[in-house]
Amino acid sequence: MMVGFAIKSAEIEHFSSEGEHQSYATRAARNDLAFTRQILAIDADQGDFGATVMVEKLRFIAKHRDAALEDVARLNIYIADERPDLRAAAEKLVADYWRAGKTPAVSIVPGKLPDGVPMALDAVIVLDSRTEEVTPINLDAANLRFKIDAVIAPAEKGIVFASGRVAKGKTYAESIPAMHELVMGDVKHLGVTEKDIVGVRAYINDVDNWAKAEAELEALFGEPSPPIIFIEWSRADAVEVEYIFSTPGKTNGEPAVLHFP
């Protein structure tokens with residue numbers, strides 16, 4: 001059953017193969033982009049492994065900026081294990097809430113999740129607005145697991161996708177500040193700072209202690225910190241983190257540029 005509500009949609013073009021439900025790519029108008037937090041299926045009905053609860057939270061974030069689920073251009077779904085029932089639940093989530101050929105570009109990623117939840121998701125939402133400043137969305141700080149629901153990357157500015165960097169260290173307290181220094185050094189010439197970060201993806205090898213990694217990252221960013229997405233990896237290194245920045249200046253329609261250290 002399709003679930004939705006009537007809200008003006010941002011302009012998104014979908015690419016899909018004939019007969020396939022899921023889009024293999026999306027292309028969006030250069031409007032504001034909202035990068036969401038990682039939404040965890042906490043205390044959810046295990047019948048659908050928390051899919052309904054997660055999507056309703058995502059819908060709530062989108063609605064706050066006059067957007068809808070159909071404005072989601074990118075959707076990452078995380079499952080706690082590569083099991084047929086969990087993967088089927090993730091695929092059903094997409095089929096239930098998005099029309100065939102009009103889905104986001106979806107990735108389903110297996111791996112251990114924070115707090116032992118069965119599923120999680122995060123998204124990039126295309127908004128029907130064009131602003132000039134990085135803006136946090138914080139709907140209910142008292143009740144949310146993470147401090148910020150999403151950060152808006154303004155349409156008037158460019159976006160920098162910084163490569164992940166690994167720093168050797170036995171603890172998060174050792175490795176995260178060193179990794180952060182490496183990444184910030186890579187992009188220093190672009191004029192970006194920690195306040196320009198709109199998204200963080202942290203690959204950690206000890207998800208049971210994800211809260212320690214979150215605390216170290218938040219200490220680097222200050223308040224408010226950007227949304228942090230945690231992903232399990234099997235390397236011996238403690239952590240690798242990649243950042244997404246909004247540029248400090250307007251782009252004026254410039255094309256993509258590759259930067260090499």
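The structure under discussion appears in the preceding block.
Below is a summary of the structure that appears in this document.

Scoring rules and cut-offs
- Residues numbered from 1 in each chain as written.
- Predicted model: local features only at pLDDT ≥ 70, side-chain atom pairs only at ≥ 80, totals over all residues.
- Heavy atoms only, no water.
- Buried < 20%, exposed > 50% of the residue type's maximum accessible area, 1.4 Å probe, protein only.
- Helix = DSSP H or I, 4+ residues; strand = E, 2+ residues; numbered from the N terminus.
- Pairing = 2+ DSSP bridges.
- Expected span 1.5 Å × (residues − 1).
- Arc of directions from axis to C-beta.
- Contact = heavy atoms within 4.5 Å.

## Details of the pairing of strand S1 (residues 12–15)
Burial of the side chains of S1 is restricted to one face: Ile12 and His14 are buried, whereas none of Glu13 and Phe15 on the reverse face is. Of the strand pairs in this sheet, S1 and strand S2 (residues 25–28) are connected by 4 bridges, and their pairing is antiparallel. Bridge pairing in S2 links Ile12 to Ala28.

## What about helix H4 (residues 210–221)?
An ideal rise of 1.5 Å per residue puts 16 Å on 12 residues; H4 measures up with 17 Å between its terminal C-alpha atoms. If you check which residues of H4 are buried, you get Trp210, Ala213, Glu214, Leu217, Glu218 and Phe221. Take H4 and look down its axis: the buried residues cluster within an arc of 135°, on one side only. When the buried face of H4 is taken as reference, the exposed residues oriented beyond 90 degrees from it are Lys212 and Ala219. Against the buried residues of H4 lie helix H3 (172–187), strand S12 (197–204), strand S13 (228–232) and strand S14 (239–250). Just past H4, the residue Gly222 takes up positive phi, approximately 80°.

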